[in-house]
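Now for the letters of each chain:
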Amino acid sequence: MRTERYNAREVERKWQATWDEKELFRTRNEDPKPKYYVLEMFPYPSGRIHMGHVRNYTMGDVVARYKRARGFNVLHPMGWDAFGMPAENAAMANKTHPAKWTYANIATMRNQLKSMGLSLDWHREVATCDPSYYKHQQRMFLDFLGAGLIDRKTARVNWDPIDKTVLANEQVIEGRGWRSGALVEQRKLTQWFFKISDYAQELNDALDGLERWPEKVRLMQRNWIGRSEGLSVRFALQTNQAAKSEIEIYTTRPDTLFGASFIALAPEHPLSKKVAESNPDLLAFIEECRKMGTAQELIDKAEKTGFDTGLRVTHPFDPSWTLPVYVANFILMDYGTGAIFGCPAHDQRDFDFATAYKLPIKTVVCPPDQDPKTYSVGDAPYDGEGKLCNSSFLDGLTIEAAKEEVVKRLEKESLNNKPVATRKINFRLRDWGISRQRYWGCPIPVIHCEVCGTIPVPIQDLPVKLPDDVTFDVPGNPLDRHPTWKHTSCPQCGKAARRETDTMDTFVDSSWYFVRFTNPWLEDHPTERSVVDGWLPVNQYIGGIEHAILHLLYSRFFTRAMKKVGHVGMDEPFDGLFTQGMVVHETYRDKEGQWVTPAEIEIYTNDGERRAKLISNGTPVEIGSIEKMSKSKRNTIDPDDIIGSYGADTARWFMLSDSPPERDVIWTEESIQGAARFIQRLWRLVGEVADLQPSENAHDAAAEDAVITIRKAAHRSIIRVEEDLERLRFNRCVAHAYELANALQAELTVKKDKKVSPQWIAAMREASEFLIAIIAPMMPHLAEECWAELGHRSMIAEASWPKADRSLILENDIVLPIQINGKKRADITVARQADNVTIEQAVLSLDSVKAALDGKAPKKIVIVPQRIVNVVV
RNA sequence: GCGGACAUGGCGAAACUGGUAGACGCAAGGGACUUAAAAUCCCUCGGUAGUAAUACUGUGCGGGUUCGAGUCCCGCUGUCCGCACCA
């Protein structure tokens, strides 16, 4: 029996150095083996890694190491999402330059990641703030500009008053900035836009093909893109009022046209403005709406208000029927046509509006269980299924049929020499505004010339580098107030001109880093086509669900844009996507209600109840709810502390063991100790196996049985782990490892101080090697040490995955559970090949079955081959 | 409000395509070793009754389909997530 404990710190350092020295994880693009690209979302260099990173990167590393063992040429790179606001905030707070702060953080975090023993190819490391990276991004911006993928337009944008910058729609969460949490205001600015909405249909349709993505993420993207099929209908103004003769509205419910009671226009609608020119009251109303529109939160709470313009339109199916035209605060100018027809009986918003302004509410859809002659909506609109009523020629039709009928008829009608209505598909997705009024981002490579207009920076002048000498003592954009940086000359006419001082949204940086990793050394081009097309799409991408829309949708668009200008050959960047859960922890508060860190408290049990007290003075601490680890609740665990005291393997093992990877995992001290215990146990186990010596004359029949049992356990484990690793079910792999370890330990205990045969020892060694192979992707350092302990001179990191012998695990006899009326009553052991007659006879001769039958014949015997028998009495 | 996911012992969870519910881990209890502790090893561990064999019961609640339901269908409750005047 071995007594020396496994020293994780020493062993881990040793193997990390050895892997490094041998450049084991350096990936060669020209390696002829089949390619496998596994990638975890790269981190923002905030200063230190957190447990979320540990979980994310451990999962990716398991896949990388496993695929390497399976004979793939694995690309597993790492980089830094290095531009962004926090660097500027730090610059303001500490008077350090954003670059200095960022690179210092990168150095720290790189060391932390290295201490985890990740099998990364560090030769390919990129930082998005490096000119050698953003130079290519600027190049692609120019390519996109040339290809018509970019727009510069004045638009109402989301303005974050704390970060003093613009946000994309996707970056506004519940009316607040995604990073600052400030209430977002609406402002009108001239901005650069990526025309992602040109790809709305395609991005939507291609979701169907992303079979290895979580359904949840696909659904979120589908909802975000928001495709809707509807009808654009033009209503004739009663007379040529306000110099217009018609109003075009958009609707997805043309079937309810006979329930229309008003038209509503957005306050920014051209016709609203036109009428307001001669109507001061309307002008005032529009002004009020605009003011209201600055804070998103107010919009959400605002009551529906409107203003009757006095205009009237005629109903397309009844020239004698006219409807009033309102300007209403709840109509959005940038969706559809900025105008709607209101059908109060079947739409909540229209109902609210009609109630407020005492407009008619006419029921036109009758629910299936109601009588259309008498039914009428009460104090709530009805938007469910049903058949049309009070709707002339539509009466009795289903909603779908009625829609078709309306479309068919209105397409034939004509107004001002055009069909009254045309089918139209609308999307919720807007263009991606990428201008940010910040310093620490990729400069947008254009020059504004008074004479020539907006001129791209010539490609040979790239990169447009950020100036180093900037100040952060006042709010606003340091680039804009830099004394010289923005002053340049026009590339076209040579006259004095001004650089664009906005930088790009940092989501642009992360929209193509996975592409750059395939050849990060290339200087003249963003990509090398033969290389990038070999590696992409990423086979397995792993990251947080929080990027379900932002990063993943942008990347899908960006890849298509890159394809259009010839930098890549594929549409979709990520073939397989996995979104992992968070790391959560209990929270603690002292008597004053202040948050207390886990390190400051001690857990004990009193009368069977878990309690906590302060280590310093023993005062009781309240155990609170389990929450996402956060600095504010002080329930974080520092990965450095864990790796320092338990070792990287313990941290990795724990991250994989307790919960399914897509679910949150609860960090507990007990569990981490359990993981540490298993490492010691495994080390002892392997030591004992390594020491086994054959005894003389130890060959007997019982030993032969044991050999088969051991080998079956080992080979079965390999097969199960293979299946589970392919599906990223790490928690099950952990269970299989425990099971095999338990089986080997039990076997050692049985044979303790007894004679053992060489065959038995061989089986034990084989099983131990399999066990080491199983844990190697998860606990690579321990696996190397154990591997060496068994006498191997090579490394397990270079070894092939064991080949399981499937014939071994095929049992000759199988145990069939026997049910009587669906309840399990007995087992029988029969030959695998046994036919149904044999099984039936065996079942009927069972005492419990005889007792249940009481001499009668069974009603039925269901035999499910290899599974179960059910006797129905 | 709309859309979606989930619900299994004291806890984290497993259970393939409808086929033995609770693998594996944690906690707890008992025991061995030890002067003692730690570490380690062994045993018990959904509930009720029983010394036990065993029986009954049990996967949020109420129904249904089926020889058989944690798994499928319908209705409800709760929790979490996404979207939110998108016509």
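Notes on the structure in this doc start here. Only a predicted model underlies this, so the values are computations on that prediction, with no experimental measurement involved. (Residues numbered from 1 in each chain as written. Chains lettered and ligands numbered in written order. Predicted model: local features only at pLDDT ≥ 70, side-chain atom pairs only at ≥ 80, totals over all residues. Heavy atoms only, no water.)

1. Observations regarding the sheet that holds strand β9 (residues 185-194)
Spatially, β6-β5-β9-β21 is the arrangement adopted by the 4 strands of the open sheet, whose pairing is antiparallel. Every other strand in the sheet has two partners, leaving β6 (165-167) and β21 (432-433) as the edge strands with one partner each. One ladder, built from 10 bridges, connects strand β5 (residues 150-160) with β9; its direction is antiparallel. Looking at β9, one finds that Asn158 is bridged to Gln186. (Pairing = 2+ DSSP bridges. Helix = DSSP H or I, 4+ residues; strand = E, 2+ residues; numbered from the N terminus.)

2. Observations regarding unusual backbone geometry
Glycine aside, residues mostly have negative phi angles, and peptide bonds mostly take the trans form. Note that the residue after Leu462, namely Pro463, is joined by a cis bond; omega there is 0°. Tracing the backbone shows Pro463 in the loop between β24 (453-456) and α13 (478-481). Residue Pro537 is bonded to the preceding Leu536 through a cis peptide linkage, with omega at 0°. Within the secondary structure, Pro537 sits in the loop between α16 (529-535) and β28 (540-544). At Asn821, a position not held by glycine, the phi torsion is positive, near 50°. Looking at Asn821, the relative accessible area reads 48%, which means it is partly exposed. (Buried < 20%, exposed > 50% of the residue type's maximum accessible area, 1.4 Å probe, protein only.)

3. What to know about the packing of aromatic side chains
Applying the stated criterion across every chain, the model contains 43 aromatic pairs. A centroid spacing of 5.0 Å and a plane angle of 85° characterise the contact between Phe83 and Trp440, whose relative ring orientation is edge-to-face. Remark: Trp440 occurs in the loop between β22 (435-436) and β23 (446-449) and Phe83 occurs in the loop between β3 (79-80) and α3 (85-94); sequence separation between them is 357 residues. Taking relative accessible area as the criterion, Trp440 reaches 5% and is therefore assigned buried. Between Phe141 and Trp192, the aromatic rings sit 5.5 Å apart at their centres with planes inclined by 75°, giving edge-to-face as the arrangement. One end of the pair, Phe141, is in helix α5 (residues 131-146); the other, Trp192, is in strand β9, and 51 residues separate them in sequence. You'll find Phe141 and Trp192 in the same group, each marked buried. A network of ring pairs unites the aromatic residues Phe141, Phe144, Trp192, Phe194, Tyr199, Trp432, Phe507, Tyr554, Phe557 and Phe558 as a single cluster. Taking NZ or CZ as reference, Lys114 lies 5.3 Å from the ring centre of Trp122, over its face. Here the guanidinium or amino end of Arg589 rests over the ring plane of Trp595, the centre of that ring lying 3.8 Å away. (Phe/Tyr/Trp six-rings, centres within 6.5 Å; stacked < 30°, edge-to-face > 60°. Lys NZ or Arg CZ within 6 Å of the ring centre and 35° of its normal.)

4. Section: the packing of helix α19 (residues 648-657) against helix α24 (residues 780-789)
Their axes nearest at 7 Å, the elements α19 and α24 cross at an angle of 120°. Judged by the angle between their axes, α19 and α24 are oblique. Only Pro780, His781 and Leu782 of α24 make contact with α19, whose side of the interface consists of Ala648, Asp649 and Arg652. (Axes fitted to C-alpha atoms, helices over the stretch in contact; angles between N-to-C directions. Parallel < 35°, antiparallel > 145°, perpendicular 65-115°, else oblique. Contact = heavy atoms within 4.5 Å.)

5. Some thoughts on the pattern of salt bridges
Tallied over the entire structure, the rule returns 43 salt bridges. Between Arg26 and Glu23 there is a salt bridge, with the nearest N and O atoms lying 3.1 Å from each other. Asp638 is paired through a salt bridge with Arg48; the nearest N and O atoms lie 3.3 Å apart. Highlighted residues: Asp638 in the loop between β34 (620-628) and α18 (639-645) and Arg48 in the loop between β1 (35-40) and α2 (51-69), separated in sequence by 590 residues. Judged by relative accessible area, Asp638 falls into the partly exposed class, the value being 24%. Take Arg48: its relative accessible area is 39%, and that puts it in the partly exposed class. Taken together, the shared-partner salt bridges in this structure form one network comprising Glu202, Arg556, Arg560 and Glu572. (Salt bridge = Lys/Arg side-chain N within 4 Å of Asp/Glu carboxyl O.)

6. A closer look at the sheet that holds strand β26 (residues 496-499)
The strand order across the open sheet built from 4 strands is β24-β23-β26-β25, with neighbouring strands paired in antiparallel fashion. At either margin of the open sheet sits one strand with a lone partner, and together these are β24 and β25 (487-489). Put simply, the sheet's adjacent strands are angled 40° from each other on average, direction ignored. With 2 bridges connecting them, β23 and β26 associate as antiparallel partners. From the neighbouring strand, Ile447 faces β26, where its bridge partner is Arg499.

7. Here we look at the protein's contact with RNA strand B
The full set close to RNA strand B counts 52 residues, and Thr252, Lys304, Arg349, Arg732 and Asn870 are the nearest of them. Sugar plus phosphate, as a fraction of atoms of RNA strand B within 4 Å of the protein: 66%. Within the contact set of RNA strand B, a sugar or linking oxygen lies 3.4 Å away from a side-chain nitrogen or oxygen of Arg684. Separating a sugar or linking oxygen of RNA strand B from a side-chain N or O atom of Glu739 is a distance of 3.2 Å. Its residues assigned to classes, the surface near RNA strand B shows 20 nonpolar, 12 polar and 20 charged. (Near = heavy atom within 4 Å. Polar contact = N/O pair within 3.5 Å; in protein donor to acceptor, adjacent residues only side chain to side chain. Nonpolar A, V, L, I, M, F, W, Y, C, P; charged D, E, K, R; others polar.)

8. Examining the side chain of Arg139
With respect to the helices, strands and loops of the structure, Arg139 is situated in helix α5. Classification of Arg139 by relative accessible area gives buried; the value is 17%. When neighbours within four sequence positions are excluded, Arg139 is seen to be in contact with Ile459, Leu462, Asp524, His525, Pro526 and His567.

9. As for the side chain of Asp160
With respect to the helices, strands and loops of the structure, Asp160 is situated in strand β5. Buried charge without a partner: Asp160 forms no salt bridge, and the closest opposite charge is Lys164, 8.1 Å away. Contact partners of Asp160, with chain neighbours within four places excluded, come to Thr165, Leu167, Gly177, Ser180 and Ala182. (Lys, Arg positive; Asp, Glu negative; His and termini not counted.)

10. What to know about the pairing of β9
Two faces belong to every sheet, and in a regular strand the side chains alternate between them. Note that β9 and β21 share 2 bridges and pair antiparallel. The residue bridging Phe193 from the neighbouring strand is Gly433, located in β21.

11. Topic: the nonpolar core
Counting residues in hydrophobic clusters, the biggest one holds 184 residues, and the most contacted among them are Phe141, Phe194, Trp432, Trp667 and Trp760. For this core, the element with the highest residue contribution is helix α23 (residues 758-775), accounting for 11 residues. (Core = buried A, V, L, I, M, F, W, Y, C linked by side-chain atoms within 4.5 Å.)

12. Concerning empty space enclosed by the protein
Under the definition given, this model contains 1 cavity of 30 Å³ or more. Its boundaries defined by the atoms lining it, the largest cavity holds a volume of some 160 Å³. Together, 15 residues line the largest cavity, and Arg65, Ala69, Ala776, Ile796 and Ala797 are the ones closest to its centre. The set of elements that each furnish at least two residues to the lining of the largest cavity consists of α2 and α24. Here the lining of the largest cavity gets 3 residues from one element, more than from any other, and that element is α2. Tallied by class, the residues present in the lining of the largest cavity amount to 11 nonpolar, 1 polar and 3 charged. (1 Å grid on protein atoms, 1.4 Å probe; cavity = no way out; pocket = protein on both sides within 12 Å on 5 of 7 lines; lining within 4 Å. Points joined across faces, edges and corners; volume = space filled by probe spheres on them.)

13. Some details on helix α12 (residues 399-412)
Every α-helix winds through 3.6 residues per turn, so residues three or four apart in the chain are directed the same way. The terminal C-alpha atoms of α12 lie 20 Å apart, and with 14 residues this matches the ideal 20 Å at 1.5 Å per residue to within 8%. For α12, the secondary structure elements touched by its buried residues are β10 (228-237), β16 (365-366), β17 (387-388), β19 (418-419) and β20 (421-426). (Expected span 1.5 Å × (residues − 1).)

14. What about the packing of α23 against α24?
The geometry of α23 relative to α24 is characterised by a closest axis approach of 8 Å and an angle of 155° between their N-to-C directions. Between α23 and α24, the angle is such that the two are roughly antiparallel. Here the hand of the crossing between α23 and α24 comes out left-handed. Of the residues in α24, those in contact with Glu769, Ile772 and Ile775 of α23 are Pro780, Leu782, Ala783, Cys786 and Trp787. Among the residues making up the contact of α23 with α24, the classes are represented as 7 nonpolar, no polar and 1 charged. (Left-handed = near helix turned anticlockwise from the far one by under 90°.)

On their own, these measurements won't tell you what the molecule is for.
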